[in-house]
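Here is how the chains run, residue by residue.
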Amino acid sequence: MPALRTKDLTKRFGDVTAVQDLNLTVEDGEVFGFLGPNGAGKSTTINVILGFLDPTEGTATVLGHDVAHESYRIRQRIGLLPEAFDVYENLTGREHVVSAIETKGARDDPDAIIDRVGLDPEDARRAAGGYSKGMQQRLALGIALVGDPDLLILDEPSSGLDPKGIKLLRRIVREEVERGATVFFSSHILGQVEKVCDRVGIMADGEMVAVDTIDNLREEIGAGAVVEATVDEVPDLDPIRSMDEVREVSAADDVVRISCSAPEAKMPALRRLDDAGTVRDIDVEDTSLESLFEQYTNGGATETTGTGADASGTTGSTDDTATATAGGGD
Amino acid sequence: MGIYTVARDDFRNARRSSIVLGVIGVFAALMALIFLAEMDIYDDPYRTLFDALFFVSLVLPLLLAPLCYLSIAGDRISGTITYVMGLPNRRWEYFAGKFLSRFAVAAAAIALSTAVGFAIAAVTFANVPSIRRFLIFGGVSLLYALAFSSLFVAISAGAPSRSRAMFGAIGAYFVLIVFWFGFFPFIRLSVLLDTIADLPWVTLSETTRAYIEAVSPGTAYLQGTKPVFSGVMGEYEAFERSFRTSDELHTEFWFNALVLLAWSAVSLTVGYLSFRRSELG
């Protein structure tokens, strides 16, 4: 039995269609990355799954229960880290966790949960209204973990978290999966999910435009990597151009730019360049995943064959995010 | 477990907020002021209870409105409802928990102010205050608080935004208190009833008018407190002027108590049904 399944799920608000004919299956025990830019319909989908919103058409089941009629039973077995939520401002973080334990009829030790999500015990005894965004996210993660849920729904869990917090989040996701839980991880940043997710689904304008493993998506779209090498003197570039997975090579002043169709093609190309002349410095733009994401969400990649041109077109504009992704990795 | 946890968390959150403590404190302080102001005017504490009635009938809803109008609407605006409803709480548990918590604050305000009034009366008035009369006063005031906190929480449950919740609460106060009691020369129930009675095809008997006037929680509260003055009704002219004495049902205590309970029951039912259907998030 899949942990989550939607069938032709559609949600409209008046004339606005937030989610259109969504067919999604999340298998038991997997980590599923639910991706898409803001406004793609991710949170609407999650709110339908939680029973907060009624589907306009179609159905959704969670752990075998229908979302429209068995929301209570579903919420007994899931853990939720919501995107837009607020705490009771005069209750302490610990009191929130204790209430969650009571409501779920669980036997967790609140202090163990607070410790697990890295919330300082002193902070946990302060009013939660004064928490920073990061502390509030840790608290919400703790609340989600109460009662060893079968399905964890994490909606933008890394927003507000520092790199240490993001690392902790990934570790907890892995621990939860090892325990046997399924994780549904929603994010608008691909870099946040690629390290933990078995599969990803990409939403754009209310529709699911791609579902696969990241490797398969990358392969399908032909996205690769770009390396820029600063050389003493630009050599003959034809031997590099003739390599199998090299898509394009260009030079400007003393910088040679090599665009590869696969990330692992970078090193052989660099070696050949270094053999022909002296490479003094390199700069890697591992933009493949971000550009892949952008292509899908900009609606260009699904049918077109000329994806290579799109990829090189988006590469330049995603430098910042690519650098941040590479820097934040562990 | 759900309803208790929701109510306790909401009550605890309210208790630690200085605004709510302020509301309770101000109510008790005003009640104290009434008794202190009248200690040299009247010998009987129950005469001051009579003045306190009017104070409660006008001011209690004004204090309950800010206390209740955001009880559910505020949670929906801020997103606190996502925390509560993301946990296994049923909608009626959330609704009931919120209502119980706010009503508990109102009950605390009434209990404290009645106790303060009694204590001051015991120390400063010439005649000893009757515990029974103060208890009846507190009890009927609780029914009044029940009616208005139900109404305001129900408005909050049905309001999708802060402004609508606010207009709903102010509107309810205006219609049920200001309009029904007739504070303004023309915008008042009696004028409306006169206009209706003047229509050629309508006959409006005095009895019907009296029943219409009796169904507001405000009038039901004032008439419902008649037992506070049992046995002393003839002592002060003000009593005889204010309390209706006739064979009609609407002058009976139980009728007025039922009116207050009906306001609570109908409000809570309509509020819950609207909340049960509403989409969150």
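Everything quoted here is computed from the prediction, not taken from an experiment.

(A) Broad picture of the overall build of chain B. From N to C terminus, chain B includes 13 helices and zero strands. Scaling as 2.2 N^0.38, a compact globule of 281 residues should have a C-alpha radius of gyration of about 19 Å, and chain B matches this with 20 Å. Counting only C-alpha atoms, chain B reaches 60 × 60 × 30 Å along its principal axes. For chain B, the proportion of its 281 residues judged to be buried stands at 46%. Considering only contacts within chain B whose residues lie at least 6 apart along the sequence, 80% involve residues at least 24 apart.

(B) Local environment of the interface of chain A and chain B. The partner chain B presents 22 residues to the 24 residues of chain A that form the contact. Elements that contribute at least two residues to the side of chain A that touches chain B include exactly helix H2 (71–77) and helix H3 (93–104) of chain A. At five residues, H3(A) tops the list of elements feeding residues into the side of chain A that touches chain B. Of the residues belonging to the side of chain A that touches chain B, the class tally is 12 nonpolar, six polar and six charged.

(C) Structural view of the sheet that holds strand E12 (residues 246–252) of chain A. Residues and elements named next belong to chain A. The strand order E12-E13-E11-E14 describes an open sheet built from four strands, whose pairing is antiparallel. Every interior strand has two partners, whereas the edge strands, E12 and strand E14 (279–285), have only one. Averaged over all pairs of adjacent strands, the angle between their axes in this sheet comes to 20°, without regard to strand direction. Pairing between strand E11 (residues 225–231) and strand E13 (residues 255–260): six bridges, direction antiparallel.

(D) Examining the nonpolar core more closely. One finds Leu151(A), Phe184(A), Phe185(A), Leu64(B), Tyr144(B) and Phe152(B) to be the most contacted residues of the largest nonpolar core, which totals 154 residues. Top contributing element to this core by residue count: helix H7 (residues 131–158) of chain B, with 16 residues. Ignoring sequence-local partners within four residues, the contact set of Leu64(B) consists of Ala106(B), Ala145(B), Phe148(B), Ser149(B) and Phe152(B). One finds Val231(A), Val246(A), Ala265(A) and Leu273(A) within the second-largest nonpolar core, a separate group that totals 13 residues.

(E) Expanded view of the confidence of the model for chain B. Per-residue pLDDT for chain B has a mean of 91; in total, 100% of the residues score no lower than 70. Reported confidences for the modelled complex are a pTM of 0.84 and an ipTM of 0.88.

(F) How the structure looks around unusual backbone geometry. Residue and element names in this part refer to chain A. Of note in this structure, Glu156 is not a glycine but carries a positive phi near 50°. By secondary structure assignment, the location of Glu156 is in the loop between strand E7 (151–155) and helix H7 (163–179). In this model, Asp253 sits at a positive phi of 55°, which is unusual for a non-glycine residue. Counting through the fold element by element, Asp253 comes out in the loop between E12 and E13.

(G) A look at helix H13 (residues 253–277) of chain B. Residue and element names in this part refer to chain B. Compared with an ideal rise of 1.5 Å per residue, which puts 25 residues at 36 Å, H13 spans 37 Å between its outermost C-alpha atoms and is within 8% of the ideal. Within H13, the full set of buried residues consists of Asn256, Val259, Leu260, Trp263, Ser264, Ser267, Leu268, Gly271, Tyr272 and Phe275. In the core, the buried residues of H13 are packed alongside helix H6 (91–124), H7, helix H10 (206–214) and helix H11 (217–224).

(H) Fine view of the sheet that holds strand E9 (residues 199–204) of chain A. All names here are of chain A. What the six strands build is an open sheet, ordered E6-E7-E8-E3-E9-E10; its pairing is mixed. Looking at the sheet topology across the chains shown, the edges are occupied by strand E6 (78–81) and strand E10 (207–212). Going across the sheet, the axis of each strand differs from the next one's by a mean of 15°, ignoring polarity. In this structure, E6 lies alongside E7, joined through four bridges in parallel fashion. Counterpart to Gly79 in the pairing with E7 is Leu152. Against the sheet, helix H1 (residues 42–49) makes contact with strand E3 (31–35), E7, strand E8 (182–187) and E9, and its axis sits at roughly 145° relative to E7, the strand it touches most. Against the sheet, helix H6 (residues 133–145) makes contact with E6 and E7, and its axis sits at roughly 170° relative to E6, the strand it touches most.

(I) Summary view of the environment of Tyr144(B). Residues and elements named next belong to chain B. Note that Tyr144 resides in helix H7. Residue classification places Tyr144 among the buried residues on the basis of 29 C-beta atoms within 10 Å. Considering only alpha carbons, one finds Tyr144 and Pro217, 73 residues apart in sequence, at a separation of 6.8 Å. If near-sequence neighbours (up to four positions away) are discounted, Tyr144 is found in contact with Val56, Leu60, Pro217, Tyr221 and Leu260.

Rules of the game
- Residues numbered from 1 in each chain as written.
- Chains lettered and ligands numbered in written order.
- Predicted model: local features only at pLDDT ≥ 70, side-chain atom pairs only at ≥ 80, totals over all residues.
- Helix = DSSP H or I, 4+ residues; strand = E, 2+ residues; numbered from the N terminus.
- Rg over C-alpha atoms; globule rule 2.2 N^0.38 Å.
- Buried ≥ 20, exposed ≤ 12 C-beta atoms within 10 Å, placed from the backbone.
- Contact = placed C-beta atoms within 7 Å.
- Nonpolar A, V, L, I, M, F, W, Y, C, P; charged D, E, K, R; others polar.
- Pairing = 2+ DSSP bridges.
- Axes fitted to C-alpha atoms, helices over the stretch in contact; angles between N-to-C directions.
- Core = buried A, V, L, I, M, F, W, Y, C linked by C-beta atoms within 7 Å.
- pLDDT = per-residue confidence, 0-100.
- Expected span 1.5 Å × (residues − 1).

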